[in-house]
2 protein chains.
Amino acid sequence: MPRAGLSPQLVADLALAVVDEHGPDALTLAAVAQRAGVAVPSLYKHVAGLPALRAAVALHCVDELADVMAGALDGRSSSEALVALAHALRRHALAHPGRYAAAQSDWVREPSAELLVAGARAVGVARAAVAALGVPPDRQVDAVRAVRATLHGFVSLELAGGFGMPDDVDVSFDFLVAGLVEALVAAGAGTARPVVG
Amino acid sequence: MPRAGLSPQLVADLALAVVDEHGPDALTLAAVAQRAGVAVPSLYKHVAGLPALRAAVALHCVDELADVMAGALDGRSSSEALVALAHALRRHALAHPGRYAAAQSDWVREPSAELLVAGARAVGVARAAVAALGVPPDRQVDAVRAVRATLHGFVSLELAGGFGMPDDVDVSFDFLVAGLVEALVAAGAGTARPVVG
DNA sequence: GCATGTGGCTAATGCAGTTAGCTTTCTGTT
DNA sequence: AACAGAAAGCTAACTGCATTAGCCACATGC
């Protein structure tokens, strides 16, 4: 019985590969053990159980998503920033649908503090984007919620195969993002000159 | 061994109750059998298995959602219709989170023809709403996708507990819906007078 | 009043996660 | 170099779930 040379990191990487190839629902200890060339209980030497493995994968995916979002903002301002964020997020989700799904908050039953921090970082990036658009502070929470709802709604419907019509989905996304930017800019303008009109 | 008097309908109703109380993930044959006061294999006399039971529940939930949406449109026109649809959908989802989740397309692996028809009906209602807003036919697919993405995105994030900030979620929703209506009206106006401006 | 079909049941199988406890291998100290 | 102990693998066993097979009893129809 030669040692397989596992480690918590390697187990998490294998789990990530499963999620990448077959989606979060396919993440089972059996699948990971098979990839590791190891019996299922052996995994418990490196990870506390399935929920812990899920938590590790989710943390990685949320961090990655936050990185993608932050990278899109880099060097851009005003509406360009939000548009770039939107496209970067969708591109990432389409390229790694399993990871995107694993980053959603309903996949892990009891989120750890680390996971909450990672999620907060992603939200912070979105907040920076709406701030760059001129949305005043007292509207930023609403604006961030609008951004998240819009982008997540579109991408999750698209990934779930919810768009049956043959019409170009890229066009629909551009349409949606344009409307979002417009609405947020208007909100900014509205509060920027509160009593003038 | 007195007969329990089950029927496919009754089994589906019990399944719906499980989904209502504990969410779609908690729907197991064991849970339904317990409610029915019956051994698990007995259920197979009335339903083909767990996937079939899920399909039945999903069909009911999608139909119900389409009804709610259609009911909101009743007697309303222009932007009022879409606003009413939005609030009716969110109200229904918050009142029956399990049913709303069960109505999503990723919950059933292989949707039946019936389920697709029910989904198409819901989409048709959304299309009627955007048409009432003056969105021209060649923009309606984009508009419907925007409506679905916006509403589903917001509601699913809210149900997943994704909104950590203490700020009023009702206000955020109104903000989002107002922006959506505005963007769709603008799209209608834009295509109504294509070359004038 | 019996024959039949239907609606229950128990038993058994397979697959998932998890725990316990054993053995082997690596490592680090003397 | 030898050995002690920790770390990493294993098998065995248990639980909960879905599913299938096959049995038995009730209810109905002739």
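Residues numbered from 1 in each chain as written. Chains lettered and ligands numbered in written order. Predicted model: local features only at pLDDT ≥ 70, side-chain atom pairs only at ≥ 80, totals over all residues. Heavy atoms only, no water.

### Here we look at the relation of the copies chain B and chain A
So, step 1. When chain B is fitted to chain A, the residual RMSD is 0.0 Å, and the transformation amounts to a turn of 180° plus an axial shift of 0.0 Å. Within this description, the copies of the chain are treated as partners about a two-fold rotation axis. When C-alpha positions in chain B are compared against the rotation axis, the closest is assigned to glycine 153 of chain B, at 1.8 Å. (Least-squares fit on C-alpha atoms with pLDDT ≥ 70 in both.)

### Concerning the pattern of salt bridges
So, step 1. Per the counting criterion, the structure on display carries 18 salt bridges over all chains.
So, step 2. Notably, a salt bridge pairs aspartate 63 of chain B with arginine 121 of chain B, separated by 3.2 Å at the nearest N-O pair. Here the residue aspartate 63 of chain B occupies a position in helix H3 (residues 50-73), and arginine 121 of chain B occupies one in helix H6 (residues 113-132), the gap between them amounting to 58 residues.
So, step 3. The shortest N-O distance in the salt bridge between aspartate 67 of chain B and arginine 121 of chain B comes to 2.8 Å. Linking aspartate 67 of chain B in helix H3 with arginine 121 of chain B in helix H6, this pair joins segments that are 54 residues apart in sequence.
So, step 4. By sharing partners, the salt bridges in this structure join Asp20, Glu64 and Arg99 of chain A into a single network. (Salt bridge = Lys/Arg side-chain N within 4 Å of Asp/Glu carboxyl O. Helix = DSSP H or I, 4+ residues; strand = E, 2+ residues; numbered from the N terminus.)

### Some thoughts on the packing of helix H3 (residues 50-73) of chain A against helix H4 (residues 78-95) of chain A
Residues and elements named next belong to chain A.
So, step 1. Running from N to C, H3 and H4 cross one another at 145°; their axes reach a closest spacing of 8 Å. Both H3 and H4 take part in a crossing whose hand is right-handed. Contacts from Glu64, Leu65, Val68, Met69, Ala72 and Leu73 in H3 reach Ala81, Ala84, Leu85, Ala88, Leu89 and His92 in H4.
So, step 2. Of the residues contributing to the contact of H3 with H4, the split by class is 10 nonpolar, 1 polar and 1 charged. (Axes fitted to C-alpha atoms, helices over the stretch in contact; angles between N-to-C directions. Left-handed = near helix turned anticlockwise from the far one by under 90°. Contact = heavy atoms within 4.5 Å. Nonpolar A, V, L, I, M, F, W, Y, C, P; charged D, E, K, R; others polar.)

### Comments concerning the interface of chain B and chain A
So, step 1. Every contact between the two is made by 35 residues of chain B and, on the other side, 35 residues of chain A.
So, step 2. Around 2900 Å² of area is buried between chain B and chain A when both sides are counted, 63% of it from carbon and sulfur atoms.
So, step 3. Ranking the residues of chain B by area buried against chain A places Arg145, Leu157 and Phe175 of chain B at the top, with a combined share of 25%.
So, step 4. Between chain B and chain A we count 2 salt bridges in total.
So, step 5. The salt bridge partner of arginine 109 of chain B is aspartate 25 of chain A, with a shortest N-O separation of 3.7 Å.
So, step 6. Applying the counting rule to chain B against chain A returns 12 residue pairs in polar contact (both at pLDDT 80 or more).
So, step 7. For the side of chain B that touches chain A, the elements supplying multiple residues, two or more each, are helix H7 (137-159) and helix H8 (169-192) of chain B.
So, step 8. With 14 residues, H7 of chain B is the largest single contributor of residues to the side of chain B that touches chain A.
So, step 9. Its residues assigned to classes, the side of chain B that touches chain A shows 17 nonpolar, 8 polar and 10 charged. (Buried area = accessible area lost by both parts, 1.4 Å probe. Polar contact = N/O pair within 3.5 Å; in protein donor to acceptor, adjacent residues only side chain to side chain.)

### Quick word on the domain arrangement of chain A
Residue and element names in this part refer to chain A.
So, step 1. As far as domains go, chain A holds domain 1 (1-47) and domain 2 (57-189).
So, step 2. Inter-centroid distance (C-alpha atoms) of domain 1 to domain 2 is 30 Å.
So, step 3. Contacts between the two partners involve 8 residues from domain 1 and, on the opposite side, 9 residues from domain 2.
So, step 4. The junction of domain 1 with domain 2 conceals about 660 Å² of combined surface from both sides, 72% of it contributed by carbon and sulfur atoms.
So, step 5. Connecting domain 1 to domain 2 are 1 salt bridge.
So, step 6. Measuring nitrogen to oxygen at the nearest pair gives 2.7 Å for the salt bridge that ties arginine 99 to aspartate 20.
So, step 7. Applying the counting criterion to the domain 1 and domain 2 interface returns 1 residue pair in polar contact (both at pLDDT 80 or more).
So, step 8. Grouping the amino acids of the side of domain 1 that touches domain 2 by side-chain chemistry returns 6 nonpolar, 1 polar and 1 charged. (Domains from an automatic or database assignment.)

### So, the protein's contact with DNA strand C
So, step 1. Residues in close proximity to DNA strand C total 21 residues, the closest being Arg3 and Tyr44 of chain A together with Ser42, Lys45 and His46 of chain B.
So, step 2. Within 4 Å of the protein, the contacting atoms of DNA strand C are drawn from sugar and phosphate to the extent of 59%.
So, step 3. Here serine 42 of chain B contributes a side-chain N or O atom positioned 2.3 Å from a phosphate oxygen of DNA strand C.
So, step 4. Contacts to DNA strand C include lysine 45 of chain B, whose side-chain N or O atom sits 2.7 Å from a base oxygen.
So, step 5. Listed by contribution, the elements that provide at least two residues to the surface near DNA strand C are helix H2 (29-36) and H3 of chain A. (Near = heavy atom within 4 Å.)

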